[in-house]
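Structural overview for review
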Amino acid sequence: MSEFWLISAPGEKTCQQTWEKLKTATSYPNSLSTNYKFHIPELKVGTLDVLLRLSDELARLDSFVESVAKKVARYMANVLENGRDKLQENLLADGVDLITYITRFQWDMAKYPPHTQSPKSISEIISKQVTQLDKDLNSRASAYNNLKGNLENLEKKNTGSLLTRNLANLVQKEDFILDSEYLITLLVVVSKTAYADWERKYETLAEMVVPRSSFPLSEDNDFGLFSVTLFRKATDDFKLKARENKFTVRDFEYNEEEMRADKEEIKRISKDKNKQYGPLVRWLKVNFSEAFIAWIHVKALRIFVESVLRYGLPVNFQAMLVQPKKKTMKKLREVLRDLYKHLDATAAFNSVDVAMNVPGFQLSQDDYYPYVYYKIDCNLHPEFYPLH
């Protein structure tokens, strides 16, 4: 499973004893989870008022940073398009897969120095970092999406039904009477079920239609494209009669310069898109890693702050990462509840999980945590977080 529970419990005589107690409770008689120590450095405590305010701020920051990490993952899937099967290998943190990163978590002392910065200062650093990352993502995504959208619109014009698509790449110069003062070649879309009707009627739809001048040029699943030549002054009458007989005359003028310009525009935009693709994927890969790492550091800050608020001073708690097994999750919750039920029951909810004193609120067994608890889901695949 990609779901982890980040929990903490107060130290016994030593934090190692707390750790051993958890391992024993979750391994006998059946293995309920895989457990890891979660290493948090000695952080500055500050005052109780500061910690209380910081608890609420970290809850909001947690949601924000998680949303940015998911946003980067979603956009990477969007950019990779046909290469989405390679998405997971690009969703890395510090060069390793996400589960490896959190199970071997080490605080980034250089980026978030715990001895010179308070938890509040570190949270502000993370907030500024991820806010800027989000702005950069929006800017890069906007530029790339514009290119992609323009290219798709141009390509879309060259596909689809003969009733609506661009006809330039379906016809040749030889299909038209050009530079004639009197004659004009029209393109007509005819339903496949009406081919015989067209052949029988087209010469009589208007006066001065050139006999035997209609030729099939292209067809799709439902329609065929035909040329027909007539005198210019009969054009309006021909279009009217064609419409009455459910033949569609397309507005099309053969212009080699315009056709060449359209092709060059597609080539130019496609080249620009391909030029941006590689650097954009690399940027997304690097900054997904940055966002995910920042998110786990926020989790570490939260477990520290909530543990100090919950268990008091001096700081003495063990943070632990628990990876539950899907079939034993309910049993694991019961075991953890029994293991830590001696802790203050009034602290069963931290400020981010439940709004207290809500009229009609009822306590359920699954909501009750006598220990500090946060869930981490490492499955950031866009299948679970679809694009909006």
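For the structure, check the block above.
On a predicted model such as this, the values are computed, not experimentally measured, just so you know. For every chain, the first residue of its written sequence is number 1, and the numbers climb from 1 along that sequence. Under the rules for a predicted model, residues below a pLDDT of 70 receive no local features and side-chain atom pairs below 80 are neither given nor counted, while totals for whole chains, interfaces and linings still include all residues. In computing side-chain properties, one takes all heavy atoms of the structure into account and sets aside hydrogens as well as water.

1. Observations concerning the overall build of the protein
For clarity, the cut-off: Helical segments are the DSSP runs of H or I of at least four residues, strand segments are the runs of E of at least two, and each set is numbered from the N terminus. C-alpha atoms define the radius of gyration in this analysis, and the globule rule sets the expected value at 2.2 Å times the number of residues to the power 0.38. Remark: exposure states derive from per-residue accessible area (1.4 Å probe, protein chains only) relative to the maximum for the residue type, with buried under 20%, exposed over 50%, and partly exposed in between. By definition in these notes, contact holds between two residues if any of their heavy atoms fall within 4.5 Å. Counted as positive: Lys and Arg. Counted as negative: Asp and Glu. His and the chain ends are not counted at all. The location of each charge is read from NZ of Lys, CZ of Arg, CG of Asp or CD of Glu.
Assigned secondary structure in the protein consists of 9 helices and 10 strands. Against the compact-globule benchmark of 21 Å for 388 residues, the protein has a radius of gyration of 34 Å, which places it well outside the compact range. Expressed along its principal axes, the backbone C-alpha trace of the protein runs to roughly 105 × 40 × 40 Å. A total of 388 residues make up the protein; the buried ones form 43% of that total. Excluding contacts between residues fewer than 6 apart, the proportion of contacts in the protein whose partners are at least 24 apart in sequence is 80%. Side chains of the protein give 55 positive and 53 negative charges; the mean places of these two sets differ by 5 Å.

2. Regarding the environment of Lys148
Going by this rule: Residues adjacent in sequence count toward polar contacts only when both atoms are side-chain atoms; beyond that, a polar contact is any pair of N or O atoms within 3.5 Å, and within protein one must be able to donate a hydrogen and the other to accept it.
Note that Lys148 resides in helix H5 (residues 119-157). Exposure remark for Lys148: the relative accessible area of 12% places this residue in the buried category. Sequence separation between Lys148 and Asn274 is 126 residues, and the spatial gap between their C-alpha atoms is 9.9 Å. Among the polar contacts made by the side chain of Lys148, one reaches the side chain of Glu81 at a distance of 3.3 Å.

3. Looking at the sheet that holds strand E2 (residues 33-37)
Within a sheet, adjacent strands bond to each other through the backbone by hydrogen bonds, running parallel or antiparallel. Inclusion rule: Two strands are said to pair when DSSP picks up at least two bridges between them. An axis is simply a line fitted to the C-alpha atoms; with a helix, the fit covers only the stretch in contact. Between two such axes, the angle follows the N-to-C directions and lies from 0 to 180 degrees.
Pairing is antiparallel across the open sheet formed by 4 strands, whose spatial order is E2-E9-E1-E10. Looking at which strands have only one partner, the edges of the open sheet turn out to be E2 and strand E10 (372-377). Neighbour-to-neighbour, the strand axes of the sheet open up by a mean angle of 25°, direction not taken into account. Inspection of the sheet shows strand E1 (residues 3-10) paired to E10 by 6 bridges, in the antiparallel sense. Counterpart to Phe4 in the pairing with E10 is Ile376. Those strands touched by helix H8 (residues 256-311) are E1, strand E9 (317-324) and E10, and its axis lies near 170° from that of E10.

4. Re the nonpolar core
The cut-off we apply is this: Residue types Ala, Val, Leu, Ile, Met, Phe, Trp, Tyr and Cys, when buried and joined through side-chain atoms within 4.5 Å, form a set referred to as a nonpolar core.
Counting residues in each nonpolar core, the largest one holds 59 residues, and the members touching the most others are Ile102, Ile126, Leu284, Phe288, Phe292, Ile296 and Ile376. Listed by contribution, the elements that provide at least two residues to this core are E1, helix H2 (48-80), helix H4 (98-103), H5, H8, E9 and E10. Ignoring sequence-local partners within four residues, the contact set of Leu284 consists of Val72, Tyr75, Met76, Val79 and Leu137. In terms of nonpolar packing, the next biggest core, distinct from the first, is built from 18 residues, Trp19, Leu336, Tyr340 and Tyr373 among them.

5. Quick notes on the pattern of salt bridges
Let me state the cut-off plainly: What makes a salt bridge here is a side-chain nitrogen of Lys or Arg within 4 Å of a carboxyl oxygen of Asp or Glu, nothing more.
Taken as a whole and assessed by the stated rule, the structure comprises 17 salt bridges. Between Lys201 and Asp197 there is a salt bridge; the shortest N-O distance is 3.4 Å. Taken together, the residues Lys201 and Asp197, both in helix H6 (residues 195-201) and 4 residues apart, mark about one turn of the helix. For Lys201, a relative accessible area of 25% translates into the label partly exposed. Residues Glu265 and Arg268 are paired through a salt bridge, measuring 3.0 Å at the closest nitrogen-oxygen approach. Taken together, the residues Glu265 and Arg268, both in helix H8 and 3 residues apart, mark about one turn of the helix. Taken together, the shared-partner salt bridges connect Glu57, Lys120 and Glu124 into one network.

6. Quick notes on helix H1 (residues 15-27)
This is how it is decided: Multiply 1.5 Å by the residue count of a helix minus one, and that product is the helix's expected span. The directions considered for the arc are those from the helix axis to the C-beta atoms.
Between its first and last C-alpha, H1 extends 19 Å over 13 residues, near the 18 Å set by a 1.5 Å rise per residue. Looking only at H1, the buried set comprises Thr18, Trp19, Leu22 and Thr26. Looking straight down H1, one finds that the buried residues subtend no more than 100° of arc, so they occupy a single side.

7. Concerning the packing of aromatic side chains
The criterion, for reference: Here a Phe, Tyr or Trp ring, Trp counted by its six-membered ring, pairs with any other such ring whose centre lies within 6.5 Å, and the pair is stacked when the planes are under 30 degrees apart, edge-to-face when over 60, and tilted otherwise.
Per the stated rule, a full pass over the model turns up 16 aromatic pairs. For the pair Trp107 and Tyr112, a centre-to-centre distance of 6.4 Å together with 70° between the ring planes defines the contact as edge-to-face. An identical accessibility class is assigned to Trp107 and Tyr112; each is buried. Relative to Phe226, the ring of Trp198 lies with its centre 6.1 Å away and its plane at 45°, an arrangement referred to as tilted. A residue pair is termed long-range when its members are at least 10 positions apart, and Trp198 in helix H6 and Phe226 in strand E7 (residues 223-231) qualify at 28 residues. Three or more aromatic residues link up through ring pairs in this structure, and these residues are Phe38, Tyr101, Phe105, Phe288, Phe292 and Trp295.

8. A short note on the sheet that holds strand E5 (residues 183-191)
Within the open sheet, the 4 strands sit side by side as E6-E7-E5-E8. Their pairing is antiparallel. Where the open sheet ends on each side, the last strands, each with one partner, are strand E6 (215-219) and strand E8 (248-250). For this sheet the average axis-to-axis angle between neighbouring strands, irrespective of direction, equals 35°. Where E5 and E8 come together, 3 bridges link them in antiparallel fashion. For Val189, the partnering residue across the bridge sits in E8 and is Thr248.

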